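So the chains spell out like this:
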Amino acid sequence: MRLNNKHRFCVEIAAVALFIAVMIFVLELLFCGVPTRIDYLYAGIHQSNDNIELAIVGNSHAGAIGKPSLLGLRRDCVENYSVGGQDLFHIYLVVDELIKCKKALKYIVLFVDYDMLGYSLIETNQRYTDREYYKYADTMQDMSLANRLMATSNFFRCNREFSMLTKKYKQVEEEKTSKREKYEDNYIPIATTDDAGEACKRRALEMTSIKFRSSLVEENKLILQHIIDLVSSSDMTLILVVPPKRQCFYDYADSANSQISKCELYKMMKSNSNVCFVDMYENQNFCDDDFVDADHPNSQGVDKIGLIITNEYFNDKYKRSF
Amino acid sequence: MLFNSIEFFIFLPIVFVLYWFVFNKNVKRQNVFILVASYTFYGWWNWRFLILIAFTSFCSWLSGFLIEEYRGDYRKAKCINAANIIVNLLILGVFKYYDFFIQSFADVFLGGKADGLLLRIILPVGISFYTFQALSYSIDVYRNKLQPTKDVIQFFAFVAFFPQLVAGPIERATNLLPQFARARIVNYEQITSGLRQALWGLFKKMVIADNLAVYVNLVFNDVENYSGFPLIWAAIFFTFQIYADFSGYSDIAIGTARIFGFDLMTNFRQPYLSRSIKEFWNRWHISLSSWFRDYVYIPLGGNRVSYVRHCANLFITFTISGLWHGANWTFVIWGAYYGVLLILEKLFCLKSYKIDDSFKINHLPKVVCTFVIVVFGWALFRANTLSDVWYIYGNIFKFNSGIIGVPLVSVKTFIMMLLFIWLLFTVDFCKQIVLKREMKKIWRVLLVFLQIVGIYTLGVFEEQSFIYFQF
């Protein structure tokens, strides 16, 4: 019942502990100050440009819109705060921050695909993105001790991605930001090769089936209701947009899942008459030439979307005035 | 509490220090402390189920005691042993299998409507493991292979010993219980080798198994969206995921037990280098297969019966072993699949191989054939439902998607997964043929540091349960 060689054992344990501490310290130092996509997003929100009256939020479908002139507002009064792959919980965090920071904000245009009601970053193994928000929002979807510890680490916030330390990464991110700043028309016709069809099928299945969990619908509905309540309590107008898709997307999409979400979304809109709801899913005004791929509009598509949102908003406002 | 959780990383050093520096005056104190630590470890998940484990322990301890009391009266001893087996299996049956059998019955006779009849109880973690461990004690006492212990604490600590409580190795009382009775002396070499084994187990779980799980879960949870390559890759990846996951758990268990001065049995011996199915089962989950051999197969008559009866014994043993794994028909069929394969091996009089044979290049064709059969078996094991099984086998060779074929997995991630498999294979291969001699210290130290760096940079830190916890 004795432990022999205590001294030797303690020395070696201390050496291993020291190694771990040095390794963590070096990695933290290397990744200190390396900005992630969410850092860029929040930097944009915290910028002191108080002329922003309309904010676009959502995932990559909202991102593809860029900064168009909407509701008759000038482009410099519009800002896009979307992040690719974002779910409703994290959109809520962004909307909350926008309301706190942007004093001139009047409109929030929220892009919500049907499939977003069954989608969560955590369910699709993107917990690292969840951690990126913690620094700003002080909350995450997964608030376990391990996740909170990782969220405070620079290394884990960067998803342990060593490529983020390279100059190339910084260049690419800066290019993306500047492209968003100076949004220019770049009409790209849709590819019509077989590969494009296959890609379209994969995308449709990915969005409406692989990433979709019907068990998440109730939870996401609650989050969406929180967003609606938050915006209306701040005397702002929420415009909820369901973006259009290319025909092949509809062909391969899991129609059962889309239908579940559609029903739920329409039920919600019925009880939230203060929200301007613009549903462009299966809108006949769009054709294949309006998209760069299965579900992201090109500049021609963006113009159409902008026009529809503006018309629907004024039409809705007109109806509500009676 | 999971081995790969922050809580365990705090729990283990505290228990270690208290065990060796505070409660080290005598064995009884250490046993009491082990029992408290083990119940804390288990109760962390759900303290209510501690009642169950305590009850199971008490029944087996009492039956061992009574069997010894009535040693001269064969019928009474037999009745006590049978009663203990029935009580334990009844508990296991209610918690693990009741809903499954009722639902299956309802599917056949009531058109699937069983809502009012189902209990919907949460499955207590590790119930199959500790029930089997407790049962082995009373059966061994009944068979006169073991002297029963009068020390309740010692026995309770044996059943609940935290390193192997929830997923084995399923220890025999003949091996582990005497270790609770004698004084423990551990030296520096034992502790460092234990920690090294636990670290390698952690690496296998957090780096290899949990990364492979990403691809496996995407495909198996949504099989109907895939055909061809993704199904093949998912089956192969699961083959290595379950091995890394379960052998990783066993390594952590054995390593952790060693630092407390206990020796647990080996549970895996490079199973994917087997040259026959029989050899595979001598290398895979050894503690369970030997349990079934000793307490099911041999009592049924083993191989000392007629040819047909012997085949039936094999089939029954493996089908029950399939059911032990989980309350789902996929597990039952998986068990039966191996029963049939072993009968076929016997029919064709295939040679039995010793697992100590060193690997030679001419073994390769047999190793590959066995591996392919095992991969097909794992696809059956992992499938969520029987209809998924039929879909997988019907579409596994319909190649109409890309090589990777899963939208959420990048080429980089996929290559990394292949490298993990290569690493696992290489280590097993080295264990089998190269490293029969002791490794130089410098290499051992280097490997420890590499594993730490590997876990920190590539490991999955979100708490992922071990696959065998559900059994």
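Numbers given for residues are sequential positions, taken from 1 along each chain in its written order. Whichever chain is written first becomes A and whichever ligand is written first becomes 1, with later ones labelled in order. Given that this is a predicted model, residues contribute local features only at a pLDDT of at least 70 and side-chain atom pairs are listed and counted only at 80 or more, while totals for whole chains, interfaces and linings are drawn from all residues. With hydrogens and water set aside, each side-chain value is computed from the structure's full complement of heavy atoms.

### A look at the interface of chain B and chain A
At step 1: Every residue pair with non-hydrogen atoms within 4.5 Å of one another is taken to be in contact. The interface of chain B with chain A comprises 39 residues on the first partner and 38 residues on the second.
At step 2: A combined buried area of about 3300 Å² lies between chain B and chain A, and 68% of that area is made up of carbon and sulfur atoms.
At step 3: Buried area: the accessible area, evaluated with a 1.4 Å probe, that two parts lose upon being put together, summed over both parts. Considering only the side of chain B, the residues that lose the most area to chain A are Tyr-188, Tyr-456 and Glu-462 of chain B, jointly responsible for 22% of the buried surface there.
At step 4: Between Lys or Arg on one side and Asp or Glu on the other, a salt bridge is scored when a side-chain nitrogen of the former is within 4 Å of a carboxyl oxygen of the latter. Run the count over chain B and chain A and you get 3 salt bridges.
At step 5: Contacts described as polar in this section are N or O atom pairs within 3.5 Å, which, within protein, must combine one atom able to donate a hydrogen with one able to accept it, while residues neighboring in sequence count only if both atoms come from side chains. Counting the contacts that link chain B with chain A gives 7 residue pairs in polar contact (both at pLDDT 80 or more).
At step 6: Helix numbers and strand numbers start at the N terminus; a helix is a DSSP run of H or I with at least 4 residues, a strand a run of E with at least 2. Where the side of chain B that touches chain A is concerned, the elements lending two or more residues are α1 (6-21), α2 (27-46), α8 (188-220) and α17 (441-458) of chain B.
At step 7: Ranked by the residues each element gives to the side of chain B that touches chain A, the list is headed by α17 of chain B, at 8 residues.
At step 8: Gly counts as polar in this scheme, as do all residues outside two lists: the nonpolar Ala, Val, Leu, Ile, Met, Phe, Trp, Tyr, Cys and Pro, and the charged Asp, Glu, Lys and Arg. Its residues assigned to classes, the side of chain B that touches chain A shows 23 nonpolar, 8 polar and 8 charged.

### Side note on helix α7 (residues 173-181) of chain B
Residues and elements named next belong to chain B.
At step 1: To sort residues, take the accessible area from a 1.4 Å probe on protein chains only and compare it with the maximum for the residue type: under 20% means buried, over 50% means exposed, and anything in between is partly exposed. When α7 is considered as a whole, its buried residues turn out to be Ala-173, Leu-176, Leu-177, Gln-179 and Phe-180. Projection of α7 onto a plane perpendicular to its axis shows the buried side chains occupying an angular sector of 155°, all on one side.
At step 2: Looking at the packing, one finds that the buried side of α7 touches α2, α5 (127-142) and α6 (152-160). Working note: the arc is built from the helix axis to C-beta atom directions.

### Overview of a nonpolar patch on the surface
At step 1: On the surface, a cluster of nonpolar side chains totalling about 750 Å² of accessible area is made up of Leu-18, Val-22, Phe-25, Val-26, Leu-29, Leu-30, Phe-162 and Leu-165 of chain A.
At step 2: Locating Val-22 of chain A in the fold gives a position in helix α1 (residues 6-31). Patches in this entry comprise residues that are over 30% relatively accessible and not in a salt bridge; like charges within 9 Å are linked, as are nonpolar side chains (Val, Leu, Ile, Met, Phe, Trp, Tyr) within 5 Å. Every accessible area reported is derived by Shrake-Rupley at a probe size of 1.4 Å, with residue values counting cover from the shown protein chains alone.

### Concerning the packing of aromatic side chains
All names here are of chain B.
At step 1: Any two rings among Phe, Tyr and Trp, with Trp reduced to its six-membered ring, count as a pair given centres within 6.5 Å; such a pair is stacked if its planes are under 30 degrees apart, edge-to-face if over 60, and tilted if neither. Counted by the stated rule, this structure contains 92 aromatic pairs over all chains.
At step 2: Note on Trp-378 and Phe-381: the rings are 5.0 Å apart at their centroids and 90° apart in plane angle, and the pair reads as edge-to-face. Note that Trp-378 and Phe-381 are positioned in helix α14 (residues 364-382) at a spacing of 3 residues, about one turn of the helix. Across the pair, Phe-381 and Trp-378 agree in class, each one buried.

### Here's the deal with the pattern of salt bridges
At step 1: Scanning the model with the defined rule gives 26 salt bridges over all chains in all.
At step 2: The salt bridge involving Glu-12 of chain A is made with Lys-441 of chain B; its shortest N-O contact spans 3.2 Å. Within this pair, whereas Glu-12 of chain A is found in helix α1, its partner Lys-441 of chain B is found in helix α17, the two belonging to separate chains.
At step 3: Salt-bridge contacts for Glu-206 of chain A lead to Arg-203 of chain A; the nearest nitrogen and oxygen are separated by 3.8 Å. Of this pair, Glu-206 of chain A and Arg-203 of chain A are both found in helix α9 (residues 194-210), 3 residues apart, which corresponds to roughly one turn of the helix. Each member of the pair, Glu-206 of chain A as well as Arg-203 of chain A, carries the same accessibility label: buried.
At step 4: Overlapping salt bridges bring together Arg-203, Glu-206, Lys-211 and Asp-295 of chain A as one network.

### A look at the side chain of Glu-53 of chain A
Residues and elements named next belong to chain A.
At step 1: Within the fold, Glu-53 resides in the loop between α2 (37-46) and β1 (54-57).
At step 2: Overall, the relative accessible area of 18% leaves Glu-53 in the buried class.
At step 3: Aside from chain neighbours lying at most four places away, what touches Glu-53 is Leu-73, Cys-77, Ala-104, Leu-105, Lys-106 and Tyr-107.

### Some thoughts on the side chain of Asp-428 of chain B
At step 1: Along the chain, the position of Asp-428 of chain B falls in helix α16 (residues 411-434).
At step 2: In terms of polar contacts, Asp-428 of chain B uses its side chain to reach the side chain of Tyr-243 of chain B, at 2.6 Å.

### Brief notes about the packing of α2 of chain B against helix α3 (residues 50-69) of chain B
All names here are of chain B.
At step 1: Interaxial angles span 0 to 180 degrees and are taken between N-to-C directions of axes, which are lines fitted to C-alpha atoms, for helices over the stretch in contact. Contact pair α2 / α3: the axes reach a minimum separation of 9 Å and the direction vectors enclose 135°. Compared by their axis directions, α2 and α3 come out oblique. Judged by residue contacts, Tyr-39, Tyr-42, Gly-43 and Asn-46 of α2 engage Leu-50, Ile-53, Ala-54 and Ser-57 from α3.
At step 2: Grouping the constituent residues of the contact of α2 with α3 by class yields 5 nonpolar, 3 polar and no charged. Oblique is the label for any angle not under 35 degrees, not over 145, and not in the 65 to 115 range, which are roughly parallel, roughly antiparallel and roughly perpendicular in turn.

### Quick notes on the sheet that holds strand β5 (residues 276-279) of chain A
All names here are of chain A.
At step 1: Here, any two strands with at least 2 DSSP bridges between them count as paired. Taken in spatial order, the 5 strands of this open sheet run β2-β1-β3-β4-β5, and their pairing is parallel. Edge positions in the open sheet fall to β2 (78-80) and β5, since each of these has one partner strand only. This sheet shows a mean twist of 15° between the axes of neighbouring strands, independent of strand direction.
At step 2: In the sheet, strand β3 (residues 107-111) pairs with strand β4 (residues 237-242) via 5 bridges, with the strands oriented parallel. Within the sheet, the bridge partner assigned to Val-109 lies in β4 and is Ile-239.

### Quick notes on the state of the cysteines
Residues and elements named next belong to chain A.
At step 1: The criterion for a disulfide is a pair of cysteine sulfur atoms lying within 2.5 Å. What the rule picks out here adds up to 1 disulfide over all chains.
At step 2: The residue that forms a disulfide with Cys-200 is Cys-248, at a sulfur-sulfur distance of 1.8 Å. Disulfide Cys-200-Cys-248: torsion about the S-S bond near 90°, hence right-handed. Separated by 48 residues along the polypeptide, Cys-200 in helix α9 and Cys-248 in helix α11 (residues 247-252) bring together distant segments of the chain. For the pair formed by Cys-200 and Cys-248, the shared burial category is buried.
At step 3: Counting only cysteine sulfurs, Cys-32 is the nearest neighbor of Cys-158, a cysteine outside any disulfide, at a range of 9.7 Å.

### Re the pairing of β3 of chain A
For a regular strand, side chains alternate in direction, first toward one face of the sheet and then toward the other.
All names here are of chain A.
At step 1: Across the 5 residues of β3, 5 count as buried, placing the element largely inside the fold.
At step 2: Of the two faces of β3, both are covered, the one formed by Tyr-107, Val-109 and Phe-111 as well as the one formed by Ile-108 and Leu-110.
At step 3: Where β1 and β3 come together, 4 bridges link them in parallel fashion. Looking across to β3, one finds that Leu-54 is bridged to Tyr-107.

### Quick notes on unusual backbone geometry
Residue and element names in this part refer to chain A.
At step 1: Despite not being glycine, Asp-138 shows a phi value in the positive range, around 65°.
At step 2: Inspection of the secondary structure assignment puts Asp-138 in the loop between α5 (127-137) and α6 (145-151).
At step 3: Using a relative accessible area of 56% as the deciding quantity, one classes Asp-138 as exposed.
At step 4: Notably, Asn-159 is not glycine yet its phi reads approximately 55°, a positive angle.
At step 5: Note on Asn-159: relative accessible area 29%, which makes it partly exposed.

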